[in-house]
Amino acid sequence: SLVSALACHLPEVAMHTAAVVLYENDEFSRYIGGFSPEGLDPEHDELFPARHLLPARVMRPYAEGVFMVQPLFMENRPLGYFICSIPFYDGLVFEELRSAISSALKGIFLFEESARARQDAERADRAKTEFFANVGNELCDPLNDMVEKIVKLKNTVDTGPLEPAIISSQLQVLEVQVLSQLEQTNRLID
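Here's what I pulled together on the structure shown here.

1. Quick word on the overall build of the chain
- Scanning the chain from N- to C-terminus turns up three helices and six strands.
- Helices and strands appear in the chain in the N-to-C order α-β-β-β-β-β-β-α-α.
- For the chain, whose C-alpha radius of gyration is 34 Å, the value lies well above the compact-globule estimate of 16 Å for 190 residues.
- Dimensions of the chain along its principal axes, counting C-alpha atoms only, are 110 × 30 × 25 Å.
- Burial analysis of the chain (190 residues in total) assigns 25% to the buried set.
- Taking as baseline every contact in the chain between residues at least 6 positions apart, the subset at least 24 positions apart corresponds to 50%.
- Just so you have it, the chain exposes about 12900 Å², and 58% of that area is on carbon and sulfur atoms.
- The distance from the centre of the 16 positive side-chain charges to the centre of the 29 negative ones in the chain is 1 Å.

Shown next as structure tokens:
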């Protein structure tokens, strides 16, 4: 949309050909888009070797005429460059244009960054919900099993006399389960 806005308004001041390129890394640059008297370039967001000014397929409109290549910055960080035809020589106009494009890119990057942060926060919230659901199940299921064993043991004791060895054995199994659950709970809390 930035390149579309430039294509709409720059011809009004006799700038009929322009392109925006962003630095990707030391080896590649990213062609964001451009326009010429033939119209808006329908293809954009194209990686090309950084040693070239533009991708080879878009060089034809830039083969004739005089062009200015202006660096784009965001808080002293180089972003890329803006190439435009020069219909007149007024440095102030070109500096204002360069500054406006840099500011627009800064706004776009900040918007994209906030959208990514929102998506990351939503993913983290989903992960937290899943984590607590799983932890809740891991804590509750063994406790429910222990309660069932206690109820069975109580019913067995209530129905008649039992040998102490049987009661001791069942209590020992229950004690092992409680200690295991306590250890697991401590690990989860840690």
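2. A short note on the nonpolar core
- By size, the foremost hydrophobic cluster in this structure holds 19 residues, and its most contacted members are Leu6, Leu10, Leu72, Phe82, Leu97, Ile101 and Leu105.
- For this core, the element with the most residues is helix H2 (residues 91-159), which contributes four residues.
- Not counting the four nearest positions on each side in its chain, Leu105 is found in contact with Leu2, Leu22, Leu72 and Leu79.
- Counting nine residues, the second-largest nonpolar core is a separate cluster that includes Ala19, Val21, Leu54 and Tyr62.

3. Some remarks on a nonpolar patch on the surface
- A surface patch of nonpolar side chains, about 280 Å² in accessible area, is lined by Phe131, Phe132 and Leu188.
- With respect to the element layout, Phe131 can be found in helix H2.
- For Phe131, a relative accessible area of 42% translates into the label partly exposed.

4. What about the pattern of salt bridges?
- Scanning all chains against the criterion turns up nine salt bridges.
- The salt bridge partner of Asp125 is Lys128, with a shortest N-O separation of 3.6 Å. Here Lys128 and Asp125 lie together in helix H2, a separation of three residues that amounts to about one turn.
- One connected set of salt bridges, linked through shared partners, spans Glu24, Arg30 and Asp45.

Thresholds applied
Residues numbered from 1 in each chain as written. Predicted model: local features only at pLDDT ≥ 70, side-chain atom pairs only at ≥ 80, totals over all residues. Heavy atoms only, no water. Helix = DSSP H or I, 4+ residues; strand = E, 2+ residues; numbered from the N terminus. Rg over C-alpha atoms; globule rule 2.2 N^0.38 Å. Buried < 20%, exposed > 50% of the residue type's maximum accessible area, 1.4 Å probe, protein only. Contact = heavy atoms within 4.5 Å. Areas by Shrake-Rupley, 256 points an atom, 1.4 Å probe, with all protein chains shown as cover. Lys, Arg positive; Asp, Glu negative; His and termini not counted. Charge placed at Lys NZ, Arg CZ, Asp CG, Glu CD. Core = buried A, V, L, I, M, F, W, Y, C linked by side-chain atoms within 4.5 Å. Patch = residues over 30% accessible without salt bridge, like charges linked within 9 Å, V, L, I, M, F, W, Y side chains within 5 Å. Salt bridge = Lys/Arg side-chain N within 4 Å of Asp/Glu carboxyl O.

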